[in-house]
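# Summary of structural features
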Amino acid sequence: KAMGFGVSQPQGAFNLFCELPAWLDEDEDSFCHHLAYDYQVAVAAGTPFGPGGENHIRISYASSMAQLREAMKRLKAYMATKQPE
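These notes cover the structure that comes with them. Note that the structure is a prediction, hence the values are computed from the model and not measured. (Residues numbered from 1 in each chain as written. Predicted model: local features only at pLDDT ≥ 70, side-chain atom pairs only at ≥ 80, totals over all residues. Heavy atoms only, no water.)

Turning next to helix H2 (residues 65-80). For H2, built from 16 residues, the straight-helix expectation of 22 Å at 1.5 Å per residue is met to within 8% by its first-to-last C-alpha distance of 22 Å. For H2, the complete set of buried residues consists of Leu-68, Ala-71, Leu-75, Tyr-78 and Met-79. Along the long axis of H2, the arc covered by the buried residues comes to 95°, so they all point the same way. Turned more than 90 degrees from where H2 packs its buried face, Ala-66, Arg-69, Lys-73, Lys-76 and Ala-80 sit exposed. (Helix = DSSP H or I, 4+ residues; strand = E, 2+ residues; numbered from the N terminus. Expected span 1.5 Å × (residues − 1). Buried < 20%, exposed > 50% of the residue type's maximum accessible area, 1.4 Å probe, protein only. Arc of directions from axis to C-beta.)

In structure tokens form, the structure reads like this:
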């Protein structure tokens, strides 16, 4: 949430469903692509998960705490390059 994402409370799954910030000048597919290729963090676009998934990403937390911390560090670095002025 501190990075600008809207985050839904998980309902027993191993993932977060996050709405991209309104100020982000990037669609979900572009966001996922750049995060993967530039920061080596894979998240899924939300649209394939149903009608409410547009402009959302899905982040799995079925990993080690060390990997999750590193992924969040990289996500934070990526979002810092996108902050509105």
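Looking now at unusual backbone geometry. Trans is the common state for peptide bonds, and a negative phi is the common state for residues other than glycine. Located in the positive-phi region is Gln-40, a residue other than glycine, with phi close to 55°. Tracing the chain through its elements places Gln-40 in the loop between helix H1 (28-39) and strand E3 (44-45). Notably, Asn-55 is not glycine yet its phi reads approximately 70°, a positive angle. Tracing the backbone through its elements, the reader meets Asn-55 in the loop between E3 and strand E4 (56-60).

All quantities given are derived from atomic positions and should not be read as evidence of function.
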